[in-house]
Amino acid sequence: MDKRFLGRSGIEVSALGMGCWAIGGPFWAGEQPLGWGEVDDEESVRAVRRALELGVTFFDTANVYGAGHSEKVLARALEGRRDEAVIATKFGGTFDEQTRQVGPDDGTPANVGRSVRDSLRRLNTDHIDLYQLHINSLPIAEALDLVPVLEGLVDQGLIRAYGWSTDFPERADAFAAAGVRCATIQADLSVLRGSFAVLPVAAEHDLAVIIRGPLAMGLLGGRYSATSELPRDDVRGLSPEWMTYFKDGRPTPEFLTRIDAIREILTSGGRTLAQGALAWLWAYDPRTVPIPGCRTVAQVEENAGALEHGPLNETELAEVERLMGR
């Protein structure tokens, strides 16, 4: 179970990926932090290389993470080992690399060509394995205008496949139906909540489902309690409107209660809570490729340990679903 294909692309990846949002470091929209606080680039490089050693081959970043910095750090970590990794990045965000301030989203065809070349430069590679639209709610008609451009990038050898990071099943359905080399949908999903409706769309179109937020923005790491307070330079500390797992820098009590209800099942068999949350995803839908964010070697090692345990069994999955009221 430790391997997956990225849908109909035929690209093989590890069943577990590494999310690279956090290793981008700080970036902002005005005063709103969008990163996870300060990071140690050297530790980030060690974390990526440790992931490779443990069999994790799939690395998911975005041009906007750290205003380009995440892509640069990933390039450093993969120097001399590019052929061992499958790199996914995203486009649609705009930003200033110097000030690390983000601008308005740009989902126009003209922006795709600029963005892919900028990402190739930062990633220090001649091709991107998976290129994903990063505007969740882009109107379908505008997204479909991008399909010919993305198909052209595949033909040029600049990308191998493409997908959309969106939680709207109707958007995923239209994009996959129009795009021959569309291979994935990326959706927000954890055992606690998420975009369940995209899963049947992925099955219909033979897409892999890249799972962002599989550890509920860190809540399923088991390190936070009702009294925890995140720093103000962390996206969770000055919680934006879309943040459900944290409010005003504190864990949302409802989700802590849900975790307590299923903790015993998720941690059965010697798993940590995080490993159990990943095991639930693999049991719930075998198309899923969770990409928990990591910025330390220790986090990588814990998450990769989930591969040794594998998915929850059918009885455990059924009990979790009962307790979650699904």
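Conventions used here
Residues numbered from 1 in each chain as written. Predicted model: local features only at pLDDT ≥ 70, side-chain atom pairs only at ≥ 80, totals over all residues. Heavy atoms only, no water. Helix = DSSP H or I, 4+ residues; strand = E, 2+ residues; numbered from the N terminus. Rg over C-alpha atoms; globule rule 2.2 N^0.38 Å. Buried < 20%, exposed > 50% of the residue type's maximum accessible area, 1.4 Å probe, protein only. Contact = heavy atoms within 4.5 Å. Areas by Shrake-Rupley, 256 points an atom, 1.4 Å probe, with all protein chains shown as cover. Lys, Arg positive; Asp, Glu negative; His and termini not counted. Charge placed at Lys NZ, Arg CZ, Asp CG, Glu CD. Expected span 1.5 Å × (residues − 1). Pairing = 2+ DSSP bridges. Axes fitted to C-alpha atoms, helices over the stretch in contact; angles between N-to-C directions. Phe/Tyr/Trp six-rings, centres within 6.5 Å; stacked < 30°, edge-to-face > 60°. Lys NZ or Arg CZ within 6 Å of the ring centre and 35° of its normal.

J.: Just to check I follow, could you spell out the overall build of the chain for this structure?
T.: Secondary structure assignment for the chain yields 12 helices and 14 strands. Taking 2.2 N^0.38 as the reference for a compact globule, 326 residues should give roughly 20 Å; the C-alpha atoms of the chain span a radius of gyration of 18 Å, in line with that estimate. Seen along its three principal axes, the alpha-carbon backbone of the chain occupies a region of about 50 × 40 × 40 Å. Looking at the 326 residues of the chain, the share that counts as buried comes to 57%. Long-range pairs, those at least 24 residues apart, make up 73% of the contacts in the chain between residues at least 6 apart in sequence. Roughly 12900 Å² of accessible area belongs to the chain as shown, and the carbon and sulfur atoms make up 50% of that amount. The distance from the centre of the 33 positive side-chain charges to the centre of the 47 negative ones in the chain is 1 Å.

J.: Help me understand helix α3 (residues 109-123), please; the structure alone is not making it clear to me.
T.: Each turn of an α-helix holds 3.6 residues, which means side chains three or four residues apart point in the same direction. Compared with an ideal rise of 1.5 Å per residue, which puts 15 residues at 21 Å, α3 spans 21 Å between its outermost C-alpha atoms and is within 8% of the ideal. Of the positions making up α3, those classed as buried are N111, V112, G113, S115, V116, S119, L120, R122 and L123. Following α3 by one or two positions, N124 has its phi on the positive side, about 55°.

J.: Sorry if this is basic, but what is going on with the sheet that holds strand β7 (residues 86-91) here?
T.: Working definition: the strands of a sheet are paired by backbone hydrogen bonds and lie parallel or antiparallel to each other. Overall, parallel pairing links the 8 strands, which are arranged β3-β6-β7-β8-β9-β10-β11-β14 in an open sheet. Every interior strand has two partners, whereas the edge strands, β3 (17-19) and β14 (288-290), have only one. Shown here is a sheet whose adjacent strand axes are inclined to one another by a mean of 25°, direction ignored. The strands that helix α9 (residues 273-284) touches are β11 (208-212) and β14; relative to β14, the one it contacts most, it runs at about 165°.

J.: Any chance you could explain the packing of aromatic side chains here in plain terms?
T.: Throughout the structure, instances matching the rule amount to 10 aromatic pairs. Between W21 and W36 the ring centres are 5.3 Å apart and the planes differ by 85°, which places this aromatic pair in the edge-to-face class. With W21 in the loop between β3 and β4 (28-29) and W36 in the loop between β5 (32-33) and α1 (41-53), this pair connects stretches of sequence that are 15 residues apart. Classification of W36 by relative accessible area gives buried; the value is 14%. Summarising the aromatic geometry, the rings of Y224 and F246 are spaced 5.7 Å apart at their centres and angled 90° between planes, so their arrangement reads as edge-to-face. Here the residue Y224 occupies a position in the loop between β11 and β12 (246-247), and F246 occupies one in strand β12, the gap between them amounting to 22 residues. A relative accessible area of 0% means that F246 is categorised as buried. Ring pairs connect the aromatic residues W21, W36 and Y65, which therefore count as one cluster. Positioned above the aromatic ring of F168, the side-chain terminus of R171 is 4.4 Å from the ring centre. R236 extends its terminal NZ or CZ atom over the ring of F246, reaching a point 5.5 Å from the ring centre.

Geometric values such as these leave the question of function open.
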